[in-house]
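Coordinate inspection notes
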Amino acid sequence: MRHRVLPGFGISLGYALAYLGLIVLLPLAALGWKASGIGIAGLTHLLGAPRTLAALRLSIGGALLAALFNVVIGLLVGWVLVRYRFPGRRLFDALVDLPFALPTAVAGIALSTLYAPNGWLGQWLEPLGIKVAYTPLGVFVAMVFVGFPFVVRTLQPVLASLERDVEEAAESLGAQRWQTFFRVILPMLAPTLLTGFALALARAMGEYGSVIFIAGNLPMHSEIAPLLIVQKLEQFDYAGAAALGAVMLLLSFALLVMVSLLQRWSGRWAERTR
Amino acid sequence: MPLQLSHLNRRFTEFAALNDVSLTIAPGEFLALLGPSGSGKTTLLRILAGLDYPDSGTVFNGEEDFLATPARQRRIGMVFQHYALFRHLTVTENIAFGLRVRSWRSRPSRADIRGRVERLLKRVQLEDFGGRYPSQLSGGQRQRVALARALAVEPDLLLLDEPFGALDAQVRVTLRRWLRELHEELQLTTVFVTHDQEEALELADRVAVMNHGRIEQVGAPEIIYQQPATPFVCEFIGKVNRFTVTRNGEGFAAGGWTPDGDPWEGRFAEAQAYVRPEQLRVAVAPSQPAWEARLRHIYLAGSVAHLDLHVPALDQALEADVASEDLSRLGLHAGMELRVAPRSAVLFPRDASGATISEERWLWHAAHRVHA
Amino acid sequence: MTAPLRSRPVGWPRRLAHGGLILVALVFLVLFLLLPLATVFVEAFRQGIAAYVVAIKQPEALAAIRLTLIVAAIAVPLNLIFGIAAAWAMTRFEFRGKALLGALIDLPFSVSPVISGLVYVLLFGAQGWFGPWLDAHGVKIIFAVPGLVLATIFVTLPFVARELIPLMQAQGSEEEQAARVLGASGWQMFFRVTLPNIRWALLYGVLLCNARAMGEFGAVSVVSGHIRGLTTTMPLEVEMRYNEYDYVGAFAVASLLALLALITLAAKTLLEWRYGDEIAAHAPGGH
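The structure displayed is predicted, hence computed values, not measured ones. (Residues numbered from 1 in each chain as written. Chains lettered and ligands numbered in written order. Predicted model: local features only at pLDDT ≥ 70, side-chain atom pairs only at ≥ 80, totals over all residues. Heavy atoms only, no water.)

Here we look at the overall build of chain A
- When its secondary structure is counted, chain A shows 13 helices and zero strands.
- In sequence order, the secondary structure elements of chain A are arranged as α-α-α-α-α-α-α-α-α-α-α-α-α.
- Principal-axis analysis of the C-alpha atoms places the extent of chain A at approximately 75 × 65 × 35 Å.
- Buried positions account for 59% of the 274 residues belonging to chain A.
- In chain A, 74% of the contacts between residues at least 6 apart in sequence involve partners at least 24 apart.
- Summing over all exposed atoms, chain A offers an accessible surface of approximately 11300 Å²; the carbon and sulfur share of this is 70%.
- Separation of charge centres in chain A, based on 20 positive and 13 negative side chains, amounts to 5 Å. (Helix = DSSP H or I, 4+ residues; strand = E, 2+ residues; numbered from the N terminus. Buried < 20%, exposed > 50% of the residue type's maximum accessible area, 1.4 Å probe, protein only. Contact = heavy atoms within 4.5 Å. Areas by Shrake-Rupley, 256 points an atom, 1.4 Å probe, with all protein chains shown as cover. Lys, Arg positive; Asp, Glu negative; His and termini not counted. Charge placed at Lys NZ, Arg CZ, Asp CG, Glu CD.)

Now the structure itself:
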């Protein structure tokens, strides 16, 4: 072995690996082992069950919609926070991190109370025929809440470093403001928006605490997949819980791999041109 | 239609970027805005581009009020210092951008756009690079793409901000010549900003020298070099020797050298004289007039040799330039005694407070006198 | 030459558009973020301060607070040490599988909290790998405090490492090499050179790690068994009270957690303002 100038290679790497092995790898191996015990037949039975399908559809579909919504509103909020100066900007900027910092259970009961038919927001939405609490819409709202900071925080540094001269170049070439936005700024932000989207999506798909209170958890209607895992566990269906957990885990891994591939493809020009 | 800039003022919080600037730019002219950083040259260019606005003053393009026209309607082509290429678009798409964003009524057909882009690619010698992204190009290639993109919209006015600032010295010289040829061919009114005097003097028809938000002098390169209007221009452009001359009876003198005549007719007691190194005559024979000097060192720079002289009569150092072949012809070597005298000089009188007065410039020549 | 900020005559349509964008953004932030936060405190004090104090002084609430502090007090230091060790190995040495190690460190962020708890049930639960052995030796992990600690460690594992790795990568190892050349021992080098350079990033990571450790719900919910006074942390106590329609009680405990979140946010913001450069550009924080 080459002589190393700095000490501590063996101990630091050894410790990190042992720790990761015990805390992360061993338990995940247990999940894989337990999940594989269910067999192909068991898996088809599990995934074919209407209740499982409905839960997966709500978790994935709701998370997709919420992440999409977050990309739009996150772009708007990020833009406003980076580009404009107005009183209270720093305060609002700090507020963006609230969903990171607020425990999910607290967010869950707060959202549930807020959108309940007699809540601050619910009482205005109810007469309009919009029911949020205890419906899939409530699931969506909670997923928007937890995913929101990902898009803004991923976007902000990139927005701040966006070269102004590129926008000026577009303007001097005759582009209208909206053309500059859609043809120049948006394409340049696309890889970043994609990252934010994926992070928000992954988070919303697995989210539990902030969703279950507002969801109402009606099977086939407003029951999310993580809750179904908990239900199976409470019924001592360990194999079923493990299998469903493994499916969700694979889904989120597949998502991450897909995003990194997409990024590599769209980032073929992302190298800085200066 | 001339471009008429009148009494432009632009203040930033800490300094005045433009201080009552007026300038007329003739059609087809190649004009350089030359000055040190912070002199206001970039601000002036950005005002022309519609990317900045003056606090007061007017800009007219013929009859058209430029300040009332948004940047995108001014029909200008702008090349940015760092090119500002769209990094998510290919070279072809970059060049076509300005045509594609037009409203459908004035937008050329797809075939027209393709044809025009191809011609431009050819013009900037990048025929085989249309499909590349800016990150795959060298600095000089990016520069030419930026230029092609600016030309694609067929502008009335081409603006370049430090066009060669980010390039290697060699590429810089090549591109400079190429840009000059392009201008000869297109006859497009062109304004470029630079802090490099060599670039400005070599390229431009006219040079506007700026300092502290003011235009110090506008003129053809040889006028700027040979007849600088202010002490700043003397010192900023080229190398120059500076010394003081004081009144001595009827005329002026500095350490035994006397420029003949007095255009100021006895009004000033002191003046500041500027002499370019190549305007210092060097002689070995002691019969020559003017100063005795000691040759301290010879800096050989290719075809020219810079002589580092010390003149006891002025109690200061002077620099004289001679052709390299003169070194051996005159038998010059460090440590020897020489005699030097100016062939020409630019003199500015000083008032009682010691400030120089540019308006009273005196262009002095050894053989005959010129009073500006 | 630096291009000055553009100042141009802004017409009223554009000014209106700017104002409109700002308004929409602020309305969203208020409705979606500020309002839930306000709800927590309003609901907690709905029946007055006395009821609030009573709700918090109940023995189960105090036990939950104590348990939450204990869990965090174990999980955070362990992840702190892990974070430093992992960052040291990752940024100061070259070895095969480094990218894999980096992905592994980030892994817990992409795992649903429920699954984070589930894996320990499958490992140590009655039907798990070690379940029978643990049972035979009278050791309880699942539905007991060790399970809560393990699940919390899993969920908060990446926080410190994630803050340190990019910073230490950017800082490079020249200063440490200089210290070695000047004769410093390994520990001297670490405490006199490395630690001072990363202290603010470390604090930042610990702050986020702690907030998450105290607030984690999904993972601990799965392993807790919800035994009042014994295995309920504060978030679990919130859930149980809420499900029992004890809204004031639930929001009272929730308000303490919200307060913790606010303090964390304030400290985080302060750190970013004062020591932004020393914390370095960090990826957006985890869950």
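Moving on, there is more to tell.
A few points about the sheet that holds strand β17 (residues 316-323) of chain B
Residue and element names in this part refer to chain B.
- Strands sit in the order β14-β18-β15-β16-β17 across an open sheet of five strands; the sheet is antiparallel. Unpaired on one side and paired on the other, β14 (280-283) and β17 mark the two borders of the sheet. Ignoring which end each strand starts from, the neighbouring axes of this sheet average 45° apart.
- Pairing of β14 with strand β18 (residues 337-342), which is carried by four bridges, proceeds in the antiparallel orientation. (Pairing = 2+ DSSP bridges. Axes fitted to C-alpha atoms, helices over the stretch in contact; angles between N-to-C directions.)

Observations concerning the interface of chain A and chain C
- Listed per partner, the contact involves 87 residues of chain A and 90 residues of chain C.
- A combined buried area of about 8000 Å² lies between chain A and chain C, and 81% of that area is made up of carbon and sulfur atoms.
- On the surface where chain A and chain C come into contact, there are one salt bridge.
- In this structure, the salt-bridge partner of D97 of chain A is K268 of chain C, at a minimum N-O distance of 2.3 Å.
- Counting residues per element, the side of chain A that touches chain C draws most heavily on helix α1 (residues 9-36) of chain A, which supplies 19 residues.
- For the side of chain A that touches chain C, a count of residues per class yields 68 nonpolar, 10 polar and nine charged. (Buried area = accessible area lost by both parts, 1.4 Å probe. Salt bridge = Lys/Arg side-chain N within 4 Å of Asp/Glu carboxyl O. Nonpolar A, V, L, I, M, F, W, Y, C, P; charged D, E, K, R; others polar.)

Here we look at the side chain of T194 of chain B
- With respect to the helices, strands and loops of the structure, T194 of chain B is situated in strand β8 (residues 189-194).
- Sequence-distant contacts of T194 of chain B, that is, excluding residues within four places in its chain, are made with L33, L34, G35, K41, E162, E199 and A200 of chain B.

Comments concerning the nonpolar core
- One finds V77 and Y115 of chain A together with L29 of chain C to be the most contacted residues of the largest nonpolar core, which totals 234 residues.
- With 15 residues, the top contributor of residues to this core is helix α3 (residues 50-83) of chain A.
- Sequence-distant contacts of Y115 of chain A, defined by excluding residues within four places in its chain, comprise L121, G122, L125, V132, A133, V141 and I214 of chain A together with F32 of chain C.
- One finds V91, L126, L147 and L160 of chain B within the second-largest nonpolar core, a separate group that totals 44 residues. (Core = buried A, V, L, I, M, F, W, Y, C linked by side-chain atoms within 4.5 Å.)

A few points about the sheet that holds strand β3 (residues 30-34) of chain B
Residue and element names in this part refer to chain B.
- A sheet is described by the order of its strands in space; here six strands give the open sequence β6-β7-β8-β3-β9-β10, paired in mixed fashion. Two strands close off the open sheet at either side, each with one partner strand: β6 (76-79) and β10 (214-219). Sheet twist, expressed as the mean angle between neighbouring strand axes with direction ignored, is 15°.
- Where strand β9 (residues 206-211) lies against β10, five bridges are found, and the strand directions are antiparallel. Bridge pairing links N211 to R214 in β10.

Comments concerning the UniProt feature "transmembrane region" (unreviewed entry) in chain A
Residue and element names in this part refer to chain A.
- As recorded in UniProt, the feature "transmembrane region" (unreviewed entry) lies at residues 12-33, 53-82, 94-116, 128-152, 181-202 and 238-262.
- Secondary structure content for residues 94-116 is 78% helix and 0% strand, while the C-alpha to C-alpha distance between its ends is 27 Å.
- Measuring from the first to the last C-alpha atom of residues 238-262 gives 36 Å, for a span that is 100% helix and 0% strand. (UniProt positions renumbered as here; feature names shortened; annotations may be inferred.)

Structural notes on the environment of L203 of chain B
All names here are of chain B.
- With respect to the helices and strands, the residue L203 is situated in helix α6 (residues 197-203).
- Look at L203 and you get buried, because its relative accessible area is 2%.
- Sequence separation of L203 and L318 is 115 residues, and the distance between their C-alpha atoms is 30 Å.
- With residues up to four places along the chain from it excluded, the contact list for L203 reads F30, F164, R176, L179, R180 and F192.

A short note on a positive patch on the surface
- Residues R183 of chain A together with R100, R107, R110 and R114 of chain B make up a contiguous surface patch of positive charge.
- Residue placement: R183 of chain A occurs in helix α10 (residues 177-206). (Patch = residues over 30% accessible without salt bridge, like charges linked within 9 Å, V, L, I, M, F, W, Y side chains within 5 Å.)

So, the UniProt feature "transmembrane region" (unreviewed entry) in chain C
All names here are of chain C.
- UniProt records the feature "transmembrane region" (unreviewed entry) at residues 21-42, 62-88, 100-121, 141-161 and 247-267, using the numbering of this structure.
- Here residues 21-42 is 100% helix and 0% strand, with 30 Å between the C-alpha atoms at its ends.
- Helix and strand shares over residues 100-121 are 73% and 0% respectively, and the end C-alpha atoms of the span are 26 Å apart.

Digging into the confidence of the model for chain A
- On average, residues of chain A score 90 in pLDDT, and 96% of them reach the 70 mark or higher.
- The secondary-structure element of chain A with the lowest mean pLDDT is helix α13 (residues 238-266) of chain A, recorded at 86, while helix α6 (residues 104-115) of chain A shows the highest, at 96. (pLDDT = per-residue confidence, 0-100.)

Thoughts on the environment of A75 of chain C
Residues and elements named next belong to chain C.
- Here A75 lies in helix α3 (residues 59-92).
- With a relative accessible area of 0%, A75 lands in the buried category.
- For the pair A75 and F32, spaced 43 residues apart in the sequence, the C-alpha separation amounts to 31 Å.
- Aside from chain neighbours lying at most four places away, what touches A75 is T152 and I153.

Points about the packing of helix α2 (residues 39-48) of chain A against α3 of chain A
Residue and element names in this part refer to chain A.
- Two elements in contact, α2 and α3, have axes separated by 5 Å at closest approach and are oriented at 65°. On the basis of the axis angle, α2 is roughly perpendicular to α3. When α2 is examined against α3, the residues L46, L47 and G48 are found in contact with a partner set consisting of P50, T52, L53 and L56.
- Across the contact of α2 with α3, the residue classes break down as five nonpolar, two polar and no charged. (Parallel < 35°, antiparallel > 145°, perpendicular 65-115°, else oblique.)

Structural notes on the UniProt feature "domain: ABC transmembrane type-1" (unreviewed entry) in chain C
- Cross-referencing UniProt, the feature "domain: ABC transmembrane type-1" (unreviewed entry) maps to residues 65-266 of chain C in the present numbering.
- In residues 65-266 of chain C, helix accounts for 77% and strand for 0%; the two terminal C-alpha atoms are 22 Å from one another.

So, the UniProt feature "domain: ABC transmembrane type-1" (unreviewed entry) in chain A
- Feature annotation in UniProt assigns "domain: ABC transmembrane type-1" (unreviewed entry) to the following positions: residues 56-259 of chain A.
- Strand forms 0% of residues 56-259 of chain A and helix 78%; the C-alpha atoms that close the span are 20 Å apart.

As for the pattern of salt bridges
- This structure, assessed with the given rule, holds 40 salt bridges over all chains.
- D93 of chain A is the partner of R153 of chain A in a salt bridge, and the nearest nitrogen-oxygen pair spans 3.3 Å. Here the residue R153 of chain A occupies a position in helix α8 (residues 136-161), and D93 of chain A occupies one in helix α4 (residues 89-95), the gap between them amounting to 60 residues.
- On the basis of relative accessibility, which here comes to 15%, the residue R153 of chain A falls in the buried class.
- Residue R203 of chain A is joined to E207 of chain A by a salt bridge in which the shortest nitrogen-to-oxygen separation is 2.9 Å.
- Judged by relative accessible area, which is 4%, R203 of chain A ranks as buried.
- In this structure, a network of salt bridges that share partners links the residues D93, D97 and R153 of chain A together with K268 and E272 of chain C.

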